[in-house]
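The residues making up each chain are set out below.
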Amino acid sequence: MCAAEERLDDPITDFSRRRVSVDGVVKTVYVAGSGPAVVLMPEMPGISPDVLRFARWVRDAGFTVHVPSLFGADGAVPTAEAGVEVVRRACVSAEFRAFAGGGTSPVTAWLRGLARLAHTACGGPGVGAVGLCFTGNFALAMALEPAVVAPVVNHPSLPLDDPGGLELGDEDARAVRDRVERDGLKVLAYRFDNDRWCTGARFAAYRALLGDAFDGRVLPGGCARTDPPPFFREAVGTPHSVVTAHLVDEAGHPTLRARDEILAFLTERLDGR
């Protein structure tokens, strides 16, 4: 497939488009598949074709994937100029806490409500939560909801101004640690070793909070896709998105193995296979 074909917008015609209300706040959620629920949150600057490719892999692994629209243009290829504008708007939005000292992003309360609704609808032992980039740590904050039993934290970039920060309020951090001790919660995480948006200091902070329950896996940045979409090439400027924009879809490639490990983690925690 040529680069031009890879970078077409995705019409998202194989998902049902739902308007979901949680505590009076309504957002669009794209849903596909059957089986236990997995909430897949988009990375900046939105629900890109690469995010949807990963959502389809989750669907095809035997899950009902829920992709909430949180920012950006749904299905659009992430261009540099439009992507930077989306980041700007998100950084001043009341829903997000992009910088140190802000605590947990308020939007995670809505996402926990989505997880409860999805668990009721889909059944099973619980819900998976997969965060990416700007939403990476949201998967951990969602674990405050008892239905969330399989959090996956991919290259979390918040807070943007504190490489060792977790974008998690103190009370919420204690509550997540309590779930680890009480429920045996496990957290899977990924980053590239030379990612300037998600550094070793951030993974060290996760391990300090969660101990051995935190399984942080680091891939060599040299294996990242070298021709990602324009936003990642021009604005992000570093290997970053392990299973989306910087994934190399070749058998045996480290990023494709990471995808398979995430699907196996979800299967083990949600389906018992």
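Just above, that's the structure.
Residues numbered from 1 in each chain as written. Predicted model: local features only at pLDDT ≥ 70, side-chain atom pairs only at ≥ 80, totals over all residues. Heavy atoms only, no water.

(A) Inspection of the overall build of the protein chain at higher detail. Tallying secondary structure elements over the protein chain gives nine helices and eight strands in all. Its C-alpha radius of gyration of 17 Å places the protein chain within 12% of the 19 Å reference for a compact globule of 273 residues. Based on the C-alpha atoms only, the size of the protein chain along its principal axes is roughly 50 × 40 × 40 Å. Expressed as a percentage of its 273 residues, the buried residues of the protein chain come to 57%. Considering only intrachain contacts with a sequence separation of at least 6, the fraction spanning at least 24 residues in the protein chain is 74%. In the form shown here, the protein chain has an accessible surface area of approximately 10800 Å², with 50% of it arising from carbon and sulfur atoms. Computing the positive centroid from 29 side-chain charges and the negative centroid from 35, the protein chain places the two 2 Å apart. (Helix = DSSP H or I, 4+ residues; strand = E, 2+ residues; numbered from the N terminus. Rg over C-alpha atoms; globule rule 2.2 N^0.38 Å. Buried < 20%, exposed > 50% of the residue type's maximum accessible area, 1.4 Å probe, protein only. Contact = heavy atoms within 4.5 Å. Areas by Shrake-Rupley, 256 points an atom, 1.4 Å probe, with all protein chains shown as cover. Lys, Arg positive; Asp, Glu negative; His and termini not counted. Charge placed at Lys NZ, Arg CZ, Asp CG, Glu CD.)

(B) Molecular detail of the pattern of salt bridges. In total, this model carries 17 salt bridges according to the counting rule given. Between D50 and R53 there is a salt bridge; the shortest N-O distance is 3.6 Å. Pair noted here: D50 and R53 are both in helix α2 (residues 49-60), with a separation of three residues, about one helical turn. R53 gets classed as partly exposed once you look at its relative accessible area, which sits at 21%. Among the salt bridges present, the one from R217 reaches E261, with a minimum N-O distance of 3.0 Å. Taken together, the positions of R217 in strand β8 (residues 214-219) and E261 in helix α9 (residues 254-270) put the pair 44 residues apart, joining distant regions of the chain. (Salt bridge = Lys/Arg side-chain N within 4 Å of Asp/Glu carboxyl O.)

(C) Looking closely at the side chain of H155. Relative to the helices and strands, H155 is located in the loop between β6 (148-154) and α6 (170-183). Under the relative-accessibility criterion, H155 is labelled buried at 0%. Polar side-chain contacts of H155 include one of 3.1 Å to the backbone nitrogen of C133. Non-local contacts of H155, meaning those with residues more than four positions away in its chain, are made with E43, L132, C133, Y190, D195, C198, H240, S241 and V242. (Polar contact = N/O pair within 3.5 Å; in protein donor to acceptor, adjacent residues only side chain to side chain.)

(D) Inspection of the packing of α2 against α9 at higher detail. At a closest axis distance of 10 Å, the pairing of α2 and α9 adopts a crossing angle of 45 degrees. What the angle tells us is that α2 and α9 run oblique. Once α2 is placed against α9, the crossing between them reads as right-handed. Residue-level contacts link F54, W57 and V58 of α2 to L256, R259, I262 and L263 of α9. Tallied by class, the residues present in the contact of α2 with α9 amount to six nonpolar, no polar and one charged. (Axes fitted to C-alpha atoms, helices over the stretch in contact; angles between N-to-C directions. Parallel < 35°, antiparallel > 145°, perpendicular 65-115°, else oblique. Left-handed = near helix turned anticlockwise from the far one by under 90°. Nonpolar A, V, L, I, M, F, W, Y, C, P; charged D, E, K, R; others polar.)

(E) Summary view of the pairing of β8. The sheet contact formed by strand β7 (residues 187-192) and β8 spans six bridges and is parallel. The residue of β8 that forms the bridge with V187 is F214. In this view, the connection linking β7 to its parallel neighbour β8 by way of helix α7 (residues 200-210) has right-handed handedness. (Pairing = 2+ DSSP bridges. Right-handed = clockwise from strand over helix to strand, strands pointing away.)

(F) Quick peek at helix α4 (residues 107-122). The end-to-end C-alpha separation of α4 is 22 Å, in line with the 22 Å expected for 16 residues at 1.5 Å each. Residues V107, T108, W110, L111, R112, G113, L114, A115 and A118 constitute the buried set of α4. (Expected span 1.5 Å × (residues − 1).)

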